[in-house]
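# Geometric and topological summary
Given next are the chains, with one letter for each unit.
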Amino acid sequence: MVEIYCHGKKHTPSTSSGTGKGLCEECNALLDYAYTRLDHCKFGEQKPTCKKCPIHCYKPAMKEQMREAMRYAGPRMMWYHPIAAIRHLIREL
């Protein structure tokens, strides 16, 4: 979703090596932060979506950045990754 957001908002890709391919520094930092939080999540593979999670592990600023990225990319997921979008919708139910 971060990649869809970054490319859709036409952010300038950074030349530094990071987790995301062709992402700007801000989006790359957001993606790295998300992976770090997931690595330390006590729920592991059974982690619910952030909306349903009882533990809010993101810092407020990062949470707002991720919320903005998800609001942009969410509706576009059906075009880029339809199976992932359907899985996400099912998990939300």
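Going along each chain's sequence as written, the residues are numbered from 1 onward. Where local features are concerned, this predicted model is filtered to residues with pLDDT of at least 70; where side-chain atom pairs are given and counted, the filter is 80 or more; whole-chain, interface and lining totals use all residues. Computation of side-chain values: all heavy atoms of the structure, hydrogens and water removed.

What follows is about the confidence of the model for the chain. In the predicted model, the chain carries a mean pLDDT of 85, and the fraction of residues at 70 or more is 91%. The pLDDT value tells you how sure the predictor is about a given residue, anywhere from 0 up to 100. Only DSSP runs of H or I covering at least 4 residues are called helices, and only runs of E covering at least 2 are called strands; the numbering of each starts at the N terminus. Taking the mean pLDDT of every element in the chain, the minimum, 85, falls on helix H5 (residues 82-92) and the maximum, 93, on helix H3 (residues 60-73).

The next subject is the pattern of salt bridges. Between side chains of opposite charge, a pair can form as their charged atoms come close. A pairing counts as a salt bridge when a side-chain nitrogen of Lys or Arg comes within 4 Å of a carboxyl oxygen of Asp or Glu. Under the counting rule described, the total for this entry stands at one salt bridge. One salt bridge in this structure joins arginine 67 and glutamate 64, with 3.1 Å as the shortest N-O distance. One end of the pair, arginine 67, and the other, glutamate 64, are both in helix H3, three residues apart, so they sit about a helical turn from each other.

Glancing now at the environment of glutamate 3. Structurally, glutamate 3 can be placed in helix H1 (residues 2-8). Between the alpha carbons of glutamate 3 and cysteine 27 there is a distance of 7.8 Å; along the sequence they are 24 residues apart.

Moving on to the nonpolar core. Residues grouped as a nonpolar core are buried Ala, Val, Leu, Ile, Met, Phe, Trp, Tyr and Cys residues, joined through side-chain atoms within 4.5 Å. The buried label applies to any residue whose accessible area, calculated with a 1.4 Å probe on protein chains only, is under 20% of its type's maximum; exposed applies above 50%, and partly exposed to all values in between. Counting 19 residues, the largest nonpolar core has Val2, Leu23, Cys27, Leu30, Tyr58 and Met66 as its most contacted members. Elements represented by at least two residues in this core include exactly H1, helix H2 (25-39) and H3.

Once that is clear, we can look at the environment of histidine 11. Along the chain, the position of histidine 11 falls in the loop between H1 and H2. Separated by 24 residues in the primary sequence, histidine 11 and tyrosine 35 have C-alpha atoms spaced 21 Å apart. Contacts are assigned to residue pairs with any non-hydrogen atoms lying within 4.5 Å of each other. The contact partners of histidine 11, leaving out residues within four places of it in the chain, are Tyr5, Cys6, Cys24 and Cys27.

In this model, H3 (14 residues) spans 20 Å end to end at C-alpha, consistent with the 20 Å of a helix rising 1.5 Å per residue. Among the residues making up H3, those that are buried are Met62, Met66, Ala69, Tyr72 and Ala73. In an axial view of H3, the angular spread of the buried residues amounts to 125°, which keeps them on one side of the axis. Counted as exposed and oriented over 90 degrees from the buried face of H3: Pro60 and Arg71. Contacts from the buried residues of H3 go to H1, H2 and helix H4 (77-80). Here a helix's expected span is defined as the number of its residues, less one, multiplied by 1.5 Å. To obtain the arc, one takes the directions from the helix axis to the C-beta atoms.

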